[in-house]
Amino acid sequence: MKRIALLGMPNTGKSTLFNRMTGGAARVGNWPGITVELLSGKILLGNEMVEIIDLPGIYDLHGFSDDEQVVRHFLHDNVPDLALVVLNTSQIERQMSLLLQLKQLNMNLVVVLNMSDEAKKFGITVDVQKMSGLLELPIFLLSAKYGTGYQEVQHAITKALRYPTPGMAEQLRTQLEQDEHIESEMARVLKHTVQIPARLSDKLTEKLDGVLLHPWLGLPIFFAVMYMVFQGVFLFGQPFQEGIADLLDWFRGAALEPMLGALPQYMQGLLLDGVYNGVATVAAFVPIIVLFFLFMAIVEDSGYLSRAAFLMDALMSRLGLDGRGFVMLLMGFGCNVPALMGTRVMRSRAMRLLTMMVIPLSLCSARLQVFIFFTAALFTAKAAPLVLFSLYMFSFATAIITALIFKSQFKNSEPFVLELPPYRFPTARQMVLRGWLEVRHFLRRATKFIVAGVVMVWLLTNLPTSAVPASADTLAGMIGSALHPFFAPLGINEQLTIALIFGFIAKEIVIGALAVIYSLSGDALSGAISLQLDWVQAYSFMLFTLLYTPCLATIATLQSESKQLNFTLLSLAWSLGLAWVISFAFYQGARMLGY
Amino acid sequence: MSATTLAALHPGDTATIVSIHAEEALHLRLLALGFRSGKQIEMIRKASFSGPLQVRVGTTDVMLRRVEAAKIEVSRA
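Basis of the calculations
Residues numbered from 1 in each chain as written. Chains lettered and ligands numbered in written order. Predicted model: local features only at pLDDT ≥ 70, side-chain atom pairs only at ≥ 80, totals over all residues. pLDDT = per-residue confidence, 0-100. Helix = DSSP H or I, 4+ residues; strand = E, 2+ residues; numbered from the N terminus. Expected span 1.5 Å × (residues − 1). Buried ≥ 20, exposed ≤ 12 C-beta atoms within 10 Å, placed from the backbone. Domains from an automatic or database assignment. Contact = placed C-beta atoms within 7 Å. Nonpolar A, V, L, I, M, F, W, Y, C, P; charged D, E, K, R; others polar. Pairing = 2+ DSSP bridges. Right-handed = clockwise from strand over helix to strand, strands pointing away. Axes fitted to C-alpha atoms, helices over the stretch in contact; angles between N-to-C directions.

A. Representation of the confidence of the model for chain B within the structure. Per-residue confidence for chain B gives a mean pLDDT of 89; residues scoring 70 or more make up 99%. Scoring of the predicted complex yields 0.82 for pTM and 0.93 for ipTM.

B. Helix 3 (residues 92–104) of chain A, seen in detail. All names here are of chain A. Here helix 3 is 13 residues long and its end C-alpha atoms lie 18 Å apart, about the 18 Å a rise of 1.5 Å per residue gives. Those residues of helix 3 lying buried are I92, R94, Q95, M96, S97, L98, L99 and L102. Looking at the residues trailing helix 3, positive phi occurs at N106, about 65 degrees.

C. Representation of the domain arrangement of chain A. Segmenting chain A into domains produces domain 1 (2–201), domain 2 (212–364 + 388–412) and domain 3 (448–592). Each of domain 1 of chain A and domain 3 of chain A has a C-alpha centre, and these two points are 51 Å apart.

D. How the structure looks around the interface of chain A and chain B. Each side of the interface is counted separately: chain A has 25 residues, and chain B has 26 residues. Only helix 3, helix 12 (304–316) and strand 10 (417–419) of chain A provide two or more residues apiece to the side of chain A that touches chain B. Of all the elements, helix 12 of chain A adds the most residues to the side of chain A that touches chain B, at four residues. When the residues that make up the side of chain A that touches chain B are grouped by side-chain class, the tally is 14 nonpolar, five polar and six charged.

E. Main features of the pairing of strand 5 (residues 82–88) of chain A. Residues and elements named next belong to chain A. Strand 5 sits mainly inside the fold: seven of its seven residues count as buried. Here strand 5 shows two buried faces, one formed by L82, L84, V86 and N88 and the other by A83, V85 and L87. Sheet analysis places strand 1 (residues 2–8) next to strand 5, joined by five bridges and oriented parallel. Bridge assignment links I4 to a residue of strand 5, and that residue is L82. Relative to strand 6 (residues 109–114), strand 5 is paired through six bridges, and the arrangement is parallel. Note on strand 6: the bridge partner recorded for V86 is V112. Between the parallel pair strand 5 and strand 6, the chain is carried across by helix 3, and the sense of this crossover is right-handed.

F. Summary view of the pairing of strand 1 of chain A. All names here are of chain A. In terms of residue burial, strand 1 counts as a mostly covered element, since five of its seven residues are buried. Bridge count between strand 1 and strand 4 (residues 48–54): five bridges; the pairing is parallel. Pairing of A5 across the sheet is with I53, part of strand 4.

G. Representation of the environment of I221 of chain A in the model. Turning to its location among the elements, I221 of chain A is positioned in helix 10 (residues 218–260). Through-space distance from the C-alpha of I221 of chain A to that of V211 of chain A is 8.8 Å; in sequence the pair is 10 residues apart.

H. Molecular detail of the sheet that holds strand 2 (residues 14–20) of chain B. The strand order across the open sheet built from seven strands is 10(A)-5(B)-4(B)-3(B)-2(B)-6(B)-1(B), with neighbouring strands paired in antiparallel fashion. Of all strands in the sheet, those with a lone pairing partner are strand 10 of chain A together with strand 1 (2–5) of chain B, marking the two edges. Across the sheet, the mean angle from the axis of one strand to that of its neighbour is 40 degrees, orientation sign disregarded. By the bridge criterion, three bridges tie strand 2 of chain B to strand 3 (residues 40–46) of chain B in an arrangement that is antiparallel. When the sheet's bridge partners are listed, T16 of chain B is paired in strand 3 of chain B with Q40 of chain B.

Here's what the structure looks like:
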């Protein structure tokens, strides 16, 4: 099958073009020579199937950033039949350097000058015919966002694919070192073909920046925007999550239970409480992920995310992170999973890993449910808000400490120079496609892992068959008592230890698990717990719950995003270790002070 | 005409890039973003708390940190 590689600088609308070409029917895959996964899609062009690969955006073919190396290795090991070079028309005076570098590689090229709608607005005119003639390349104006000019591009690609690729020269490096030639060539072509007005007339962007990046209004506006996005995702998401849960419950009662009624009790439990609950756990994330990326598409495609980086950089650079990492950390307070997936906007791998190390410490809404239950049971109405606030402070503090400790481990070596693109209106198509692609990615990567995990915990809490589920006689109970020496110094008893094992799946089920463990529910459960525990023990348990592994879905996402088992294990070990040390210090300290 | 670094410019100032004294990775990135000697550069704004700078080169707005901006020698128009 013939291969087309999409190449271009960041912010040229490469992915938009890719989505337009493939109609969202893309898959993520591995390629020889490189370690990161790339999006690719198969489409019918003319009368043959071709594969299109979306390469990461690069500034320079011989640069040293992670992405630039990925592209070089990809081209080296998977020579495409055609490279479709995407340039941003309004930045053509500097982006042409990349085109000329690619031209020297002697590849089969088709060039599109994208965002032609924006360039037109700025008053930039390009004589495409003349440029085609001077460069001896097929060049087309395109607006991938609105589809203007797309027909011609498609036609040109089909035509260009009929000719064999001239093949790529061996000595990539030596060829690429002819910067001087490139510069003079660039000046020559630009002088004859492009007219740029002396000053760009993007008054709107300038005015918006004047307010959004205002020295003292900028930060409050940023936090207000983040608050609205947060509320948008998680308030809108909740009814959908509940709806899906109700639907799955209904299906279980109406269809599955009668259907499986003939099976032995034990098999029923395994299939319904194990496998089916696993599926329900996965499904609960779907609305959150879709909504998260709908909103992220707005924040990112509008150009605001890079403004957030600008506003937060003073603080974040000290932590070895960037402002976009801060946005993801904030979103982690709703749910860690989409926040981890969102770190993909950071192109430096080291910085991405550091951000992914920090995000699981964000107090997500599932953990909040556990804390609300425990504070209501053990603290007065007056003290409860303070207790919750202190847990948020612990969450922030441990995030900062983690960043500071691991900053040197994941040292970012890429220069921090970011483009601030003009503000743009994201199209509904872009937003929906993004949400859909991300949720599919999550389902493919995480479903098996999460279902297996839920089944495993079900087995632990139900085996041997003679034992009462979740009691001390089950495997989980045995593990609980085996682990008791580790948890006793934290003031966490055996029942709570079993609940923590459940909490490994998802924090949402901790209270439900306690209900099974104590065979009590609602007020009776909180009553029993308040009689058994004092506030020091309860707070220690909450600290541990806050800091240890958030949930199976988070682990699955850490693994699927980092693709490095060592990293996932490090993150797991770190959060468990941190949870233990902090709960220990708190519990022993409080007891020593006489509480 | 007075020689200084990009970091020392005030918002609203325009200058000409004289030279870039940066390590190779940063140098390449700056080149690709349109930073070349002889080019006009405008300081748009500086973030509070010693935060990053927003500058305009050609048609591109770029943010960079002050440490990095100090490596770019400019002469005020």
